[in-house]
Amino acid sequence: MNIPSITLNDGTPMPQLGFGTWQLVDEQCYPAVRKAIELGYRHIDTAAIYGNEEEVGRAVRDAIAAGDATRDELFIVTKLWNNQHHEPEVAFQQSLARLGLDYIDLYLLHWPCPKQQQYISAFEGMAHIQGLGTVQSIGVCNFYPAALIELIEKTGVVPAVNQIELHPGFPQFELQKLDKELGIITESWSPLGQGKILAEPTTVRIAQVHGKTPAQVILRWHIQQGLVPLPKSAHNDRIAENLNIFDFQLTEAEIAELSALDSGRIGPDPMEFPE
Ligand code: A2P
């Protein structure tokens, strides 16, 4: 499986398609992550708040032991939760221990939480950890323009990644443009719009034209715009389906048609969250 690689602003290569693990908990998580790596996913996205770092780490370690991938080939991502902005080093060590890994490829600040007013010091702490060698790259999630600009001005560090809610129902073109201008790669969480846009007649029609499924067409929409989608599924057939997106090309007109599905965000507004 030939997943394209994107180069982050610190020179690190990152597989352009990742496997999301939000809501994959308990007995669902381990087999899904094992299957994903066995099938060819190399980028796995978790977070402290998902409550599945132990299972993700065990699946990664077992996949390596089984010869499905080497640690070098894998790109493992986790995130600092909102209640530990004041202690990023402690939170990071806890995540590393739960994952049972020697290092993390990318550590992300999960939400800016503007009411807490701690994202500057949290990100400075993350930059400090990066210098120590147990994390390769650092970035943010859910950062809106004002927070992103302030973060860069005050810390002098440009995040490698901004992981935001992004799908044809909520394409966030202005934020995508700003990320690009700043040299930040935009990652898409809930890339399938949590399944809601798959049944749209436009998606179904374009899928039929290409002999693909609606999910594959939506994921292709992300890939062709240079985004990094992180689809998740607990089902083996869908895990495989979501990987099989590198043998067809959408036209510019089809990308525009899908982008016109714009229906608003599904998740919380980062300027308000948490209330
Ligand atoms: P499931 O885990 O039961 O397969 P998003 O990544 O946008 O948040 O969407 C995830 C949702 O989409 C999950 O409910 C997942 O359900 C479902 N999903 C994932 N892949 C596919 C697919 N290829 N076709 C249909 N639904 C999918």
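The preceding data block contains the structure.
In short, a report on the structure. Bear in mind that the values here come from a model prediction, so they are computed numbers and not experimental data.

**Some details on the overall build of the protein**
Step number 1: If you tally the helices and strands in the protein, you get 10 helices and 10 strands.
Step number 2: With the C-alpha coordinates aligned to their principal axes, the bounding extent of the protein is approximately 50 × 45 × 35 Å.
Step number 3: Taking all 275 residues of the protein together, the buried fraction comes to 54%.
Step number 4: In the protein, of all internal contacts separated by at least 6 residues, the share reaching a separation of at least 24 is 74%.

**What to know about the packing of helix 1 (residues 29-39) against helix 2 (residues 53-65)**
Step number 1: Put simply, helix 1 and helix 2 touch, their axes get as near as 8 Å, and they point 40 degrees apart. The element helix 1 and its partner helix 2 pack so that their crossing is right-handed. For the pair helix 1 and helix 2, contact is made by Cys 29, Tyr 30, Val 33, Arg 34 and Ile 37 and by Glu 55, Val 56, Arg 58, Ala 59, Val 60, Asp 62 and Ala 63, respectively.
Step number 2: Of the residues that constitute the contact of helix 1 with helix 2, the class distribution is 8 nonpolar, no polar and 4 charged.

**What about the environment of Glu 275?**
Step number 1: In this fold, Glu 275 is placed in the segment after helix 10 (252-259).
Step number 2: Given the relative accessible area of 86%, Glu 275 is considered exposed.
Step number 3: Through-space distance from the C-alpha of Glu 275 to that of Lys 115 is 8.3 Å; in sequence the pair is 160 residues apart.

**Things to note about the pattern of salt bridges**
Step number 1: Applying the stated rule across the entire model yields 11 salt bridges.
Step number 2: Here Lys 212 and Asp 247 are joined by a salt bridge, their closest N and O atoms 2.9 Å apart. Here the residue Lys 212 occupies a position in the loop between helix 7 (201-210) and helix 8 (214-224), and Asp 247 occupies one in the loop between helix 9 (236-241) and helix 10, the gap between them amounting to 35 residues.
Step number 3: The exposure class of Asp 247 is exposed, given its relative accessible area of 54%.

**Quick notes on the packing of aromatic side chains**
Step number 1: Overall, the coordinates contain 5 aromatic pairs when judged by the stated rule.
Step number 2: Taken together, a centroid distance of 5.2 Å and an interplanar angle of 65 degrees make the contact between Phe 19 and Tyr 41 edge-to-face. Residue Phe 19 is found in strand 3 (residues 19-20), and its partner Tyr 41 is found in the loop between helix 1 and strand 4 (43-45); the two are separated by 22 residues along the sequence.
Step number 3: In this structure Phe 19 comes out as buried when scored by relative accessible area, which is 1%.
Step number 4: Taking the centre distance of 5.3 Å and the plane angle of 75 degrees together, the rings of Tyr 119 and Phe 143 count as edge-to-face.

**Regarding the sheet that holds strand 3**
Step number 1: Strand order in the open sheet made by the 8 strands is 3-4-5-6-7-8-9-10, with parallel pairing throughout. The open sheet has two edge strands, strand 3 and strand 10 (228-229), and neither has a second partner.
Step number 2: Sitting on the sheet, helix 3 (residues 88-99) touches strand 5 (75-80), strand 6 (104-109) and strand 7 (135-141), and the angle it makes with strand 6 is about 135 degrees.
Step number 3: Helix 4 (residues 119-132) rests against strand 5, strand 6 and strand 7 of the sheet, and its axis sits at about 165 degrees to strand 7.

Cut-offs used in this document
Residues numbered from 1 in each chain as written. Predicted model: local features only at pLDDT ≥ 70, side-chain atom pairs only at ≥ 80, totals over all residues. Heavy atoms only, no water. Helix = DSSP H or I, 4+ residues; strand = E, 2+ residues; numbered from the N terminus. Buried < 20%, exposed > 50% of the residue type's maximum accessible area, 1.4 Å probe, protein only. Contact = heavy atoms within 4.5 Å. Axes fitted to C-alpha atoms, helices over the stretch in contact; angles between N-to-C directions. Left-handed = near helix turned anticlockwise from the far one by under 90°. Nonpolar A, V, L, I, M, F, W, Y, C, P; charged D, E, K, R; others polar. Salt bridge = Lys/Arg side-chain N within 4 Å of Asp/Glu carboxyl O. Phe/Tyr/Trp six-rings, centres within 6.5 Å; stacked < 30°, edge-to-face > 60°. Pairing = 2+ DSSP bridges.

Everything listed here is a matter of coordinates, which is why it stays silent on function.
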